[in-house]
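Structural characterization, general
Listed below are the residues making up each chain.
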Protein chains: 2
Amino acid sequence: MIYLDNAATTLHKPERVIRACKYALENLSANAGRGSHPLAVKAANIVYRARKAVCSLVGCDEVIFTLNCTDALNTVLFGTAKPRGHVVTTVYEHNSVLRPLRELNKRMGVEFTAVAPDRNGIIDPADIERAIRPNTYMVVVNHVSNVTGAVAPVTRIGGVARRHGLLFLVDGAQSVGYLDVDMHAIHCNYLCFSPHKGLHGTQGIGCLCVNGTPPLNPYRFGGTGTSSHTLDQPQDIPEGFECGTLPVHNIHALIAAVTEHKNLSNRTFRRLAACGEYMRAELMKIPRVTVYGKHGVLPNLVSFNIEGMNSSATCDILAEQYDIATRCGLHCAPLCHQYLGTLSTGAVRASLSYDTPESDVEFFVKSVREIAK
Amino acid sequence: MIYLDNAATTLHKPERVIRACKYALENLSANAGRGSHPLAVKAANIVYRARKAVCSLVGCDEVIFTLNCTDALNTVLFGTAKPRGHVVTTVYEHNSVLRPLRELNKRMGVEFTAVAPDRNGIIDPADIERAIRPNTYMVVVNHVSNVTGAVAPVTRIGGVARRHGLLFLVDGAQSVGYLDVDMHAIHCNYLCFSPHKGLHGTQGIGCLCVNGTPPLNPYRFGGTGTSSHTLDQPQDIPEGFECGTLPVHNIHALIAAVTEHKNLSNRTFRRLAACGEYMRAELMKIPRVTVYGKHGVLPNLVSFNIEGMNSSATCDILAEQYDIATRCGLHCAPLCHQYLGTLSTGAVRASLSYDTPESDVEFFVKSVREIAK
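Definitions and cut-offs
Residues numbered from 1 in each chain as written. Chains lettered and ligands numbered in written order. Predicted model: local features only at pLDDT ≥ 70, side-chain atom pairs only at ≥ 80, totals over all residues. Heavy atoms only, no water. Helix = DSSP H or I, 4+ residues; strand = E, 2+ residues; numbered from the N terminus. Rg over C-alpha atoms; globule rule 2.2 N^0.38 Å. Buried < 20%, exposed > 50% of the residue type's maximum accessible area, 1.4 Å probe, protein only. Contact = heavy atoms within 4.5 Å. Areas by Shrake-Rupley, 256 points an atom, 1.4 Å probe, with all protein chains shown as cover. Lys, Arg positive; Asp, Glu negative; His and termini not counted. Charge placed at Lys NZ, Arg CZ, Asp CG, Glu CD. Buried area = accessible area lost by both parts, 1.4 Å probe. Salt bridge = Lys/Arg side-chain N within 4 Å of Asp/Glu carboxyl O. Polar contact = N/O pair within 3.5 Å; in protein donor to acceptor, adjacent residues only side chain to side chain. Nonpolar A, V, L, I, M, F, W, Y, C, P; charged D, E, K, R; others polar. Pairing = 2+ DSSP bridges. Axes fitted to C-alpha atoms, helices over the stretch in contact; angles between N-to-C directions. 1 Å grid on protein atoms, 1.4 Å probe; cavity = no way out; pocket = protein on both sides within 12 Å on 5 of 7 lines; lining within 4 Å. Points joined across faces, edges and corners; volume = space filled by probe spheres on them. Expected span 1.5 Å × (residues − 1). Disulfide = S-S within 2.5 Å. Phe/Tyr/Trp six-rings, centres within 6.5 Å; stacked < 30°, edge-to-face > 60°. Left-handed = near helix turned anticlockwise from the far one by under 90°.

A look at the overall build of chain A
Across its full length, chain A holds eleven helices and twelve strands. Taken over the C-alpha trace, chain A has a radius of gyration of 21 Å; the compact-globule value for 373 residues is 21 Å, and the two agree within 12%. Projected onto the principal axes, the alpha-carbon positions of chain A cover approximately 70 × 55 × 35 Å. The buried share of chain A, taken over its 373 residues, is 65%. The contacts of chain A with a sequence gap of at least 6 include a subset with a gap of at least 24, amounting to 69%. For chain A, the computed accessible surface area is about 12,700 Å², with 49% contributed by carbon and sulfur atoms. Computed over 36 positive and 32 negative side-chain charges, the separation of the two mean positions in chain A equals 2 Å.

The following block contains the structure:
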């Protein structure tokens, strides 16, 4: 099957990643951070090395390992919430941001403003600034829209947040592994992502990257291997936020994924970009096809619809008649689809990875052309 | 190294489990429950099969996959909390129960009573019943103490909970894989455990097993692949409680772990019990050694101290001079150590698995004998 659902998760895991995972299951299965015997210390060292690898990748000071990106986002959003406070965010956010914000509204009256993009589909930092209120405490921005591929100008948005003394959270789910991210440079306090997407790591691990010592109250409560005598949750980053057993095999695989990623050549990424640009350009030429997002988009991801067809019908035809996996529906981004006017139809999303063959993209474009006829 | 820290995590993962994990990374890496294309459906089928395997293992109706046992316990404790309500629990609880309860006390005035065991070290269901107040809504019991190995009479405690119309949560971290658990038979609403302990599965996956349709509010908020148009978190079990990407490779490995476990012979478990009983009996014979817990204990786990020695000193000598990994300190169970009078020294815990050689246990006992001299 031709797999064009890499924005959900990259299907192909490099041999190095699989080997690292297997090696850890065979040799590193002790409980990291629990106990002082050499096997536990060996596992803890892997976790430490992974923290360093992630910190060096995204330019942060510390990383908290979570279940997935959603878990990381929940940890930040619930851990920073201020009763009756206000959050500025965008219509591009995923439900992993919007649903926690909705829940915070119910629990403690937190309100949020979802800023719409400009006419080119890009979030304007000036609009973020205009949405700030006296009770605003945080700006939350999706780095790359998982629907349109729109890239947010995070450096300038980070500048706005800093000028106003606001916390800045970036959802890097679709950007890490595709765009260079330097948290220090963009004045970002919290960056969340999961290695199973752009980094081709394993599922089952998320990263909450933290810069400096921004506020963060614990989200999960339990054993940390520290201060065990007290029932109060330790608040140290990262230990206080990593209750229970860490998945050492996924963490070992993450080190391999970062190494593999760093070894990829610029040529690989240029080929991916060219493939994506070709895909987008060709789809835009097809009569009766509407492509969402034009300017300032990450090329490897494109959403579209065929006139008069529901996205699920198009996806089903692509899967059943052409053996192509794409993603229909709302992509867990309801405000984005509301903005695009596609709440009732959804959209078809095709997303590439660096290992998607050009021939797959050509066949996909040809297939859409046939269906649209 | 001789590994006697199996209560923290079992070091040895069966070949079948490792193979299943690797196979999934190579062949089943699509996003389960996200998208309708065959690769996503294939991954979703693995998750479905794993649910069935767990349900059949512990006699429950449904299972929610989480990060680890702590995450599962948090999901239940925060998802059932009643403002100014009361919870009956025991001194044997792990910080993964006690710290959420402490937090609930701060947030919404939830109080809890930690019942102490009888003089044999076993929780008396009559004491649980006596601790019930008009505002009690739940009973939480550690099935097997991770410090003394004491087994709670969960069937009778479940009966008490049922008679009083209370929810019943069992922490099965140390029991699943060692004791038969049938949630229906013990009238248990929620059972939490993680397969990386007694089932020799991988880390990075926890199970929240649910019977019937007990109350449960969402704990984590985000994309569920369902009702994506609404910002309100779906409350369906399990989907509403599994936000973000599930770790399909760990879930595939869990099926293998359950199969492997079911294939183990009674002889294997009898040998493990005999090893544990021998270990406990021999340690009790050593002058200057105090063993905690005598009656009604799971034999494969024993905690002890040598007179005049801090537990960490003993563990260090065992590790450095005898190459034996044990676990010192408080085992994240402060009320248990308070009850035992070992808050300042902690205790040394040795825990076996079915693959611990008898010779390892003999060497361990001999080593403690030498140190105690």
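A closer look at the interface of chain B and chain A
You'll often see interface size given as the accessible area lost when the parts meet. The partner chain A presents 78 residues to the 78 residues of chain B that form the contact. A buried area of about 6,200 Å², summed over both sides, lies between chain B and chain A, and 61% of it is on carbon and sulfur atoms. Broken down residue by residue, the surface that chain B buries against chain A is led by Arg-99, Phe-221 and Leu-231 of chain B, which jointly contribute 14%. Notably, a salt bridge pairs Arg-102 of chain A with Asp-232 of chain B, separated by 2.9 Å at the nearest N-O pair. Where chain B packs against chain A, one counts 39 residue pairs in polar contact (both at pLDDT 80 or more). Counting only elements with at least two residues in the side of chain B that touches chain A, the list comes to helix 1 (15-27), helix 2 (38-58), helix 3 (69-80), helix 4 (95-108), helix 7 (248-263) and helix 9 (311-322) of chain B. A per-element tally of the side of chain B that touches chain A places helix 4 of chain B first, with nine residues. Within the side of chain B that touches chain A, the residues separate by chemical class into 30 nonpolar, 33 polar and 15 charged.

Topic: the sheet that holds strand 4 (residues 111-115) of chain A
Sheets are built from strands paired through backbone hydrogen bonds, the pairs being either parallel or antiparallel. Residues and elements named next belong to chain A. Pairing is mixed in the open sheet, where seven strands are placed in the order 2-8-7-6-5-3-4. Here the strands that pair on one side only, and so sit at the sheet edges, are strand 2 (62-66) and strand 4. Direction aside, neighbouring strands of the sheet carry axes that sit 20 degrees apart on average. Both strand 7 (residues 190-193) and strand 8 (residues 206-210) contribute to a ladder of four bridges, which runs antiparallel. Looking at strand 8, one finds that Cys-192 is bridged to Leu-208. With respect to the sheet, helix 2 (residues 38-58) is in contact with strand 2, strand 7 and strand 8, its orientation differing from that of strand 2 by roughly 115 degrees.

Side note on the side chain of Ser-353 of chain A
Residue and element names in this part refer to chain A. Relative to the helices and strands, Ser-353 resides in the loop between strand 12 (348-351) and helix 11 (358-372). In this structure Ser-353 comes out as buried when scored by relative accessible area, which is 0%. Within the structure, the side chain of Ser-353 is placed 3.4 Å from the side chain of His-200, a separation counted as a polar contact. Among residues more than four places away in sequence, those in contact with Ser-353 are Asn-6, Thr-10, Tyr-178, His-200, Arg-271 and Leu-272.

Concerning the sheet that holds strand 9 (residues 289-292) of chain A
All names here are of chain A. Taking strand neighbours across the sheet as the criterion, the three strands line up as 9-10-12 in an open arrangement whose pairing is antiparallel. Each end of this open sheet is capped by a strand with a single partner; those strands are strand 9 and strand 12. When strand polarity is set aside, the average angle formed by the axes of neighbouring strands in this sheet is 30 degrees. Here helix 11 sits on the sheet and contacts strand 9, strand 10 (301-306) and strand 12; the angle it forms with strand 10, its principal contact strand, is near 15 degrees.

A look at the layout of surface pockets
A volume near 740 Å³ is recorded for the largest pocket. If you trace the largest pocket, you find 29 residues lining it, with Phe-78 and Arg-107 of chain A together with Phe-78, Arg-107 and Met-108 of chain B closest to the centre. Of all elements in the fold, only helix 4 (95-108) of chain A together with helix 3 and helix 4 of chain B reach the threshold of two or more residues within the lining of the largest pocket. Partitioning the lining of the largest pocket into residue classes produces 15 nonpolar, seven polar and seven charged.

As for helix 2 of chain A
Taking 1.5 Å per residue, 21 residues should reach 30 Å; helix 2 of chain A reaches 30 Å between its end C-alpha atoms and fits that length. Along helix 2 of chain A, the positions that sit buried rather than exposed are Leu-39, Ala-40, Ala-43, Ile-46, Val-47, Ala-50, Arg-51, Ala-53, Val-54, Cys-55, Leu-57 and Val-58 of chain A. The inward-facing, buried residues of helix 2 of chain A abut strand 2, strand 7, strand 8 and helix 7 (248-263) of chain A together with strand 1 (2-3) of chain B. Positive backbone phi, at 65 degrees, marks Gly-59 of chain A, one or two positions downstream of helix 2 of chain A.

Examining the state of the cysteines
Taken as a whole and assessed by the stated rule, the structure comprises zero disulfides over all chains. Free cysteine: Cys-207 of chain A, not disulfide-bonded; nearest cysteine sulfur from Cys-209 of chain A at 5.4 Å. Under the relative-accessibility criterion, Cys-207 of chain A is labelled buried at 0%. Free of any disulfide, Cys-60 of chain B has its nearest cysteine sulfur in Cys-55 of chain B, 3.7 Å distant.

Things to note about the environment of Leu-254 of chain A
All names here are of chain A. Assignment of secondary structure puts Leu-254 in helix 7. Along the sequence, Leu-254 and Gln-203 sit 51 residues apart, while their C-alpha atoms lie 9.8 Å from each other. Not counting residues within four places of it along the chain, the set of residues in contact with Leu-254 comprises Val-54, Phe-65, Pro-195, Leu-199 and Cys-207.

Some thoughts on the pairing of strand 5 (residues 136-142) of chain B
Residues and elements named next belong to chain B. The buried fraction of strand 5 amounts to seven of the seven residues, a majority that puts the element mostly inside the structure. Relative to strand 5, strand 3 (residues 86-90) is paired through three bridges, and the arrangement is parallel. Within strand 5, the position partnered with Val-88 by the bridge is Val-139. Relative to strand 6 (residues 167-171), strand 5 runs parallel, the two sharing five bridges. Note on strand 6: the bridge partner recorded for Met-138 is Leu-167.

Let's talk about the packing of aromatic side chains
Residues and elements named next belong to chain A. Taken as a whole, this structure holds eleven aromatic pairs over all chains when the rule is applied. Aromatic pair Tyr-92 and Tyr-339: ring centres 6.4 Å apart, planes at 85 degrees, arrangement edge-to-face. Here the residue Tyr-92 occupies a position in the loop between strand 3 (86-90) and helix 4, and Tyr-339 occupies one in helix 10 (residues 334-340), the gap between them amounting to 247 residues.

Things to note about the packing of helix 3 of chain B against helix 4 of chain B
All names here are of chain B. Taken N-terminus to C-terminus, the directions of helix 3 and helix 4 make an angle of 30 degrees; their axes are 9 Å apart at the nearest point. Regarding helix 3 and helix 4, the two cross each other, and that crossing is right-handed. Contact residues: helix 3 offers Thr-70, Leu-73, Asn-74, Leu-77 and Phe-78, while helix 4 offers Ser-96, Val-97, Pro-100, Leu-101, Glu-103, Leu-104 and Arg-107. In the contact of helix 3 with helix 4, the residues fall into seven nonpolar, three polar and two charged.

Honestly, it's all geometry; don't read function into it.
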